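# Chain and residue survey
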Amino acid sequence: MRLVPNPVLPGCHPDPSVCRVGEDYFMVTSTFAYHPGIPVHHSRDLITWDLVGHVLAGASWLPLDGSQVADGVWAPTIRHHDGVFYVVFTIARDRQGSATYLTTASDAAGPWRVPIPLEADGIDPSLFFDRDGRAWFTAARDATADGASGPGEIWLRELDLSALRLVGPEHVLWHGAVTGQWVEAPHLYERDGRYHLVGAEGGTERNHAVTSATADHVTGPYRTDPRSPLLTHRHLGAGEAVQNVGHADLVETPDGEAWALVLGVRPVRQHHTLGREVLLVPVEWDEHGPVLAPGSGRVQGVRPGLPVTTDRPADWLSLRGPVAADVGADADAAGDVVTLHPRPVPLSGREVPAFLARRQDMHAFELEAVVDTALIGGHDAGLVAFQDENTFLAARVRRGPGGCVARVTGRLNGADVVGPEMPVAGEVTLRIRSDGESYEFRCAQGAGERGAEERVAGERVLAAFPHTVLSTETAGGFTGVLLGLVNEGPASAGPLTFRSVRYGVPASAPDGAGAGAHHE
Ligand code: 6LW
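Residues numbered from 1 in each chain as written. Predicted model: local features only at pLDDT ≥ 70, side-chain atom pairs only at ≥ 80, totals over all residues. Heavy atoms only, no water.

This next bit is on the overall build of the protein chain. Helices and strands together make up the secondary structure of the protein chain, namely one helix and 37 strands. For the protein chain, the C-alpha radius of gyration of 23 Å lies close to 24 Å, the compact-globule estimate for 520 residues. Projected onto its principal axes, the C-alpha positions of the protein chain cover 75 × 45 × 45 Å. Across the 520 residues in the protein chain, those meeting the buried criterion constitute 59%. Long-range contacts, defined here as pairs at least 24 residues apart, represent 60% of the contacts in the protein chain between residues at least 6 apart. Per element, the accessible surface of the protein chain, about 18900 Å² overall, is 49% carbon and sulfur. The distance from the centre of the 42 positive side-chain charges to the centre of the 65 negative ones in the protein chain is 3 Å. (Helix = DSSP H or I, 4+ residues; strand = E, 2+ residues; numbered from the N terminus. Rg over C-alpha atoms; globule rule 2.2 N^0.38 Å. Buried < 20%, exposed > 50% of the residue type's maximum accessible area, 1.4 Å probe, protein only. Contact = heavy atoms within 4.5 Å. Areas by Shrake-Rupley, 256 points an atom, 1.4 Å probe, with all protein chains shown as cover. Lys, Arg positive; Asp, Glu negative; His and termini not counted. Charge placed at Lys NZ, Arg CZ, Asp CG, Glu CD.)

Here it is in structure tokens:
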């Protein structure tokens, strides 16, 4: 069995779902309150994934004004049937499912049709196409029966493929394998005439786990696979490089090899900032059902402590809706030129701020950009490390009474942070830098030399914080850190251009820290 480099998709990409069409695999993941929603990644080998489009973009976007970052789009499932791609997903409000939608496309890259609501409660919807052509919808919700063995239940109803609505009676399938645990993330598979319902239990934190049940009929009765949990890292201790493993979707190669995509996190000092990432795990089927990670029982291929370097192109995200921005290559220097129109919306608000960011997908990184203070009017603009509306830190430049100043402002668990001011003039280089255990916010006069070590010469650290303050363990929620640009200010201030916008391994990272995914 091949040993794969994990994660196969780093950075905040929770709740992976995958389908295969011929030799092509397509994956979707959750995007919460970020726009565009639900990235579609494509692969030919399940290891290298390229972004090909978004399910919720343009006409198919659903407004998320007022949404908290951790709400919004949860746990999409992607399937392909008879030449049509289907995606079902939940819109969460106040950490609960509030609406379920279905959308279709003939090309996974899009365009996707305007999502239609389905009459379904709960979260984590999924679709299963049976051999007889019937389609079934499953989802997770609070248990409806008194005395159920778990607080959650997986339920099923038929999906009418021509009307695209749920029809027929509802069936409660399962309350989970572990008494007292909430069951979620259901996906149904058929194998040799038996039905296998794979779910997740224990919450999406340290006790997360993959469990399953089997039945002779799609509507049940389902019996727990006594080998559950089929995969978990809950018993491996704090030293394990990958934690919180669960939420599996299974796929088969054209040659009949089986694999699962699962989510997991890579904490540093027990705190993770990268969000839930996508991991690839081998699967073997036996007469009882799937065996995940046979032989080892764990996710492999992750180098303890150190980052997987990535030079993935940015999937630029804004919050709760689109923003007016232009991104292009910087003709004069390495990196991008980003022009961002101001909005008078704070990052702590619930509207659409002038914010454009990419996922932090490695522990040690630096993000830098050059701004010309001559252009700063009513703007309060700069670089931001963003966890959610209550937890973010930004190195910003604004014009004060005595000229321009740079300083760090933000919020940590809802408490305002305001750092000391540094007077600046002319061109200024802002930088966020991390060795994996800290976030440093730096500022230098001038655009700086672009060559290696020279880049950080003459910089001042405006403020520094341990990485734990931006971690999900501290901030709560379901997302990882995003790194990007903010331009708060009245529309009259006019657009602001950030030059040499670059994200990568820190210039002085130790040898090998950037040496890419490896095979153990
Ligand atoms: C997702 C669910 C979960 O829908 O978190 O607790 C939700 N587990 O499976 C958001 O990713």
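Let us keep going from here.
Before going further, it helps to spend a moment on the sheet that holds strand E2 (residues 24–28). The sheet built from four strands is open, its strands ordered E1-E2-E4-E5 with antiparallel pairing. Looking at which strands have only one partner, the edges of the open sheet turn out to be strand E1 (17–21) and strand E5 (50–56). Across this sheet, the average inter-strand angle for adjacent strands is 25 degrees, counted without regard to direction. Looking at chain direction, E1 and E2 are connected through five bridges and run antiparallel. Within the sheet, the bridge partner assigned to Ser17 lies in E2 and is Val28. (Pairing = 2+ DSSP bridges. Axes fitted to C-alpha atoms, helices over the stretch in contact; angles between N-to-C directions.)

The environment of the ligand is formed by Asp15, Phe32, Trp74, Ala75, Asp124, Glu184, Thr204, His247 and Arg276. Contacts to the ligand include Asp15, whose side-chain N or O atom sits 2.5 Å from an oxygen atom. In this structure, His247 approaches the ligand through a side-chain N or O atom, which is 3.3 Å from an oxygen atom. Its free accessible area being 310 Å², the ligand has 95% of it covered by the protein chains. The residue makeup of the shell around the ligand, split by class, is three nonpolar, two polar and four charged. (Near = heavy atom within 4 Å. Polar contact = N/O pair within 3.5 Å; in protein donor to acceptor, adjacent residues only side chain to side chain. Nonpolar A, V, L, I, M, F, W, Y, C, P; charged D, E, K, R; others polar.)

The next point concerns unusual backbone geometry. Omega for the peptide link from Asn6 to Pro7 comes to 0 degrees, which places this bond in the cis form. Here Pro7 shows up in the segment before E1. Cis geometry is adopted by the peptide bond preceding Pro111, which originates at Gly110 and carries an omega value of 0 degrees. Considering the arrangement of structural elements, one finds Pro111 in the loop between strand E8 (96–105) and strand E9 (116–118).

Here we take up the pattern of salt bridges. In total, this model carries 31 salt bridges according to the counting rule given. Where Arg320 meets Glu389, a salt bridge forms, and the shortest distance between an N and an O atom there is 2.8 Å. On the criterion of sequence distance, the pair formed by Arg320 in the loop between strand E23 (318–319) and strand E24 (325–329) and Glu389 in the loop between strand E28 (380–388) and strand E29 (391–400) is long-range, its members being 69 residues apart. Judged on exposure class, the residue Arg320 and its partner Glu389 are both buried. (Salt bridge = Lys/Arg side-chain N within 4 Å of Asp/Glu carboxyl O.)

With that settled, consider the sheet that holds strand E12 (residues 152–160). With antiparallel pairing, the four strands of this open sheet are ordered in space as E10-E11-E12-E13. Both outer strands of the open sheet, strand E10 (123–129) and strand E13 (165–174), are each paired with one neighbouring strand and no more. Across this sheet, the average inter-strand angle for adjacent strands is 25 degrees, counted without regard to direction. Two elements, strand E11 (residues 135–142) and E12, share eight bridges in a ladder whose sense is antiparallel. Bridging from a neighbouring strand, Ala135 pairs with Leu159 of E12.

So, about the confidence of the model for the protein chain. Looking at the protein chain, the pLDDT average stands at 93 and 93% of residues meet or exceed 70. For the stretch residues 510–520, pLDDT sits under 50, and the model shows 21 contacts to residues farther than four places along the chain or on other chains. (pLDDT = per-residue confidence, 0-100.)

What follows deals with the domain arrangement of the protein chain. Accessible area lost on assembly of the parts is the figure often given for the size of an interface. Its domain assignment divides the protein chain into domain 1 (17–233) and domain 2 (318–519). A C-alpha centroid distance of 35 Å is found between domain 1 and domain 2. Residue-level contacts link 18 residues of domain 1 with 18 residues of domain 2. Taking both sides of the interface into account, the surface hidden between domain 1 and domain 2 amounts to around 1500 Å²; carbon and sulfur atoms contribute 59%. By the criterion of area lost to domain 2, the three top residues of domain 1 are Tyr34, His35 and Val69, representing 38% of everything that side buries. Our count for the domain 1 to domain 2 interface comes out at one salt bridge. Across the salt bridge formed by Glu473 and Arg206, the nearest N and O atoms sit 3.2 Å from each other. (Domains from an automatic or database assignment. Buried area = accessible area lost by both parts, 1.4 Å probe.)

To continue, consider the nonpolar core. Counting residues in each nonpolar core, the largest one holds 44 residues, and the members touching the most others are Leu393, Val397, Phe441, Phe465 and Phe498. Among residues more than four places away in sequence, those in contact with Leu393 are Leu383, Val384, Ala385, Val408, Thr409, Gly410, Leu412, Val417, Phe441, Phe465, Val469 and Leu470. (Core = buried A, V, L, I, M, F, W, Y, C linked by side-chain atoms within 4.5 Å.)

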